[in-house]
Amino acid sequence: MRFLLDDEQRAFARSLDGMLTAADTPAAARAWAAGEHAPGLAVWRRLGEAGVFTLAAPEEYEGVGPLPVETAVAFVEVGRHAVPGPAVETVATVALLSRLAELGVPEPAKRLLPALVGGGTSATLTLTDTGPHALDADTAGVLLAAGDGQVRLAPGHADIQASLDPARRLGRLLPDGEVLASGDAADAAARWALDWAALATAAQSLGVGYALLDRTVAYVKGRTQFGVPVGSFQAVKHRLADVLVRLEFARPLVFGAAVSLRGGDRSAAEVDLAAAKVTAGEAAHDAARAALQLHGALGYTAEYDLSLWLLKARELRGAWGGPGTWRGRVVRGAGSV
Amino acid sequence: MDLDFSAAEEEFRRQARAWLAAHVPDRPLPSLETEEGFAAHRAWEGELAADRWSVVSWPEEYGGRAVGIVEWLLFEEEYYAAGAPGRVSQNGISLLAPTLFDHGTTEQRARVLPPMARGEVIWAQAWSEPESGSDLASLRSTARRVRGGWLLNGQKTWSSRAAFADRAFGLFRSDPEADRPHRGLTYLMFPLDAEGVTVRPIGRLDGKPAFAELFLDDVFVPDEDVIGEPGQGWRIAMSTTGDERGLTLRSPGRFLATADRLLRAWHAHGDPADTALRDRVADAVLGARAYQLFTWANASRFAAGEPVGAESSLNKVFWSEHDIAVHETALDLLGTEASDWTEGYVFALAGPIYAGTNEIQRDIIAERLLGLPKGRR
């Protein structure tokens, strides 16, 4: 038993953190929200070069996976840096296509995986249970709809609509299109995709939460009122202490879910993934509420970069199913063990 | 990163499970906060000790099995999963014993630890005073130097288990001239039946005498019952409270077992349409899992030689609030049929108060982990 990241995994996190810091991701996120995708796509290519999209694919398809722990490591950084684009959806799509190949349907993987794994293009995905709207349907190169015994390539998308997070633009995928797989294999692959989407979203939420906490700690140390830093007031300290408690107890659930997903015990993984999704999503949301309150009116402005994480925390909490859905899975899954 | 246990660890778990299956009483013992229950729990400690299960992580010479923290945590999981009785020796085992291992003499360890392991001597703590709670360093009970030892005077309070325990340990002011409040304190052990000691039990919320006031009037303590150097008591005690809040006081096993009980009650009695209550049941399950995984991460850090310090304050805030939430959920689920949960609920209510209030823990988290400036409390 060694429930700690190893040196290589820590180095991976540090190198992504350094790369994304240098890439000025807040500016890329703002441009993305305005419909200008070039800076975000440049960040995307760097993520691809760093190998982020190889983690859910097997070696046969130029991947290095499946590596859920490394995926969680990467998505904590994606969240910490407010990276725009359908990163979770692309990893989930890579997972889905890889699983289809494993279940005897290799054609879609052969055709679609190379460009996705290398970071040359992105994918977006809807699952029947989680609604018809796909993130960034206007920029993704692959539009996939899965569920109800089918995996199909959508022929396009309807109008793009805004979400609360302006960098998360949603489009409803059109019906019909080419059916890539059907039957049990399609359902199993869709379930596998949901597992990876839940894991990556939980990790992304965690990173968003830590970014909000770090920025707020720095702010309350510097902001002076009544002649002292507001961070010396107990009401402020205790609120931030609670945020750290929430995040520090969400983190082991996220990595525990990654270890369970790797382990292959489906019922254990299902409960751990549900626990991670709901806990990380709510911890990040708590961090956002505290960050907004403790920044005062400054935090309530669109101009200040804090808004990038504040609104993302809220959206991620509901992405791929809301807290009630996932809590229901915890109770159902834990009861059946 | 993995959660796999070695064959030896799994074998240890299997042995613990088998022993517990054969020995755990079929019916729960009476409350350990009653005279009858205290005696029954003391006897249970003896039964554990007879087969070396009372203090598995201690060296063999003191009655342990010399296992590491991973095995200890596995033992705790099995212990609570088996529905085994609460540990009446908890204060001695998790507070005094780590202090003796770090700061005691060989003679003290040989004299104090084996009877503690067998439940023959049950220990109470003597930290708080009527005027000194969170600000413990302001304490006023004194230890005055006399030939061959010390004379204790003053008053201690909220002394858990002291109504029925045999001995106590705590801090006393030995140098009233010291320049700062936390200097000049000495860590001492003393018998609760010594001349000059008066124990006045205090009924907790449900009336059971779970703690007591101690009045000390010229109580003689020989030099051999001073732990560490006189005047160094604060530093020594802080290393103890670190252990208390960290891994040793409340292991994940008890919360996993409680969450499992609640989950069974939900499946038996819950209304599936009541998703609000179902969500709280989910929080009990995932909170226990979070605490278990958090603890495995900390155990891994210990094993890797990394220190775990102020992080123990995260731990204490988490489990104490989790424990109340789980019991509240059970009471709401079971209504008038919740009698099996009421003693646990009363016990849980004390969690955010003892072992350093959660307000103090949040100050520690904010200042030591987040680096926020000290301020007026």
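The preceding data block contains the structure.
Keep in mind it's a predicted model, so treat the numbers as computed, not measured.

Caption draft 1: Up close: the layout of surface pockets. Residue and element names in this part refer to chain A. Each pocket or cavity is described by its volume, and for the second largest pocket that value is around 870 Å³. Lining the second largest pocket are 27 residues, and of these Leu5, Tyr210, Glu248, Arg251 and Phe255 sit closest to its centre. Grouping the constituent residues of the lining of the second largest pocket by class yields 16 nonpolar, one polar and 10 charged.

Caption draft 2: Region of the structure containing the sheet that holds strand S4 (residues 150–153) of chain A. Residue and element names in this part refer to chain A. Pairing within the open sheet is mixed, and its four strands lie in the order S1-S3-S4-S7. The open sheet is flanked by strand S1 (123–127) and strand S7 (178–182), the only strands paired with a single partner. Here the average twist between neighbouring strands, direction ignored, is 20 degrees. Relative to strand S3 (residues 142–147), S1 runs parallel, the two sharing five bridges. Residue pairing across strands places Thr126 opposite Ala145, the latter belonging to S3. Where helix H5 (residues 87–102) meets the sheet, its contacts fall on S1, S3, S4 and S7, and the angle it forms with S1 comes to roughly 75 degrees. Across the sheet, helix H6 (residues 107–117) is in contact with S1, S3, S4 and S7; its angle to S7 comes to roughly 110 degrees.

Caption draft 3: Examining the interface of chain B and chain A more closely. Facing 47 residues of chain B, the contacting portion of chain A comprises 43 residues. Summing the contributions of chain B and of chain A, the shared interface buries around 3,800 Å²; its carbon and sulfur component is 71%. At the surface where chain B touches chain A, the tally comes to five salt bridges. One salt bridge connects B:Arg362 with A:Asp242, and the closest N-O pair in it is separated by 2.6 Å. For the interface between chain B and chain A, the tally reads 13 residue pairs in polar contact (both at pLDDT 80 or more). Listing elements by their share of the side of chain B that touches chain A, those giving two or more residues are helix H7 (252–269), helix H8 (275–303), helix H9 (311–334) and helix H11 (358–369) of chain B. In terms of residue count, the dominant contributor to the side of chain B that touches chain A is H8(B) (17 residues). The residue inventory of the side of chain B that touches chain A, partitioned by class, reads 27 nonpolar, five polar and 15 charged.

Rules and cut-offs
Residues numbered from 1 in each chain as written. Chains lettered and ligands numbered in written order. Predicted model: local features only at pLDDT ≥ 70, side-chain atom pairs only at ≥ 80, totals over all residues. Heavy atoms only, no water. 1 Å grid on protein atoms, 1.4 Å probe; cavity = no way out; pocket = protein on both sides within 12 Å on 5 of 7 lines; lining within 4 Å. Points joined across faces, edges and corners; volume = space filled by probe spheres on them. Nonpolar A, V, L, I, M, F, W, Y, C, P; charged D, E, K, R; others polar. Pairing = 2+ DSSP bridges. Helix = DSSP H or I, 4+ residues; strand = E, 2+ residues; numbered from the N terminus. Axes fitted to C-alpha atoms, helices over the stretch in contact; angles between N-to-C directions. Contact = heavy atoms within 4.5 Å. Buried area = accessible area lost by both parts, 1.4 Å probe. Salt bridge = Lys/Arg side-chain N within 4 Å of Asp/Glu carboxyl O. Polar contact = N/O pair within 3.5 Å; in protein donor to acceptor, adjacent residues only side chain to side chain.

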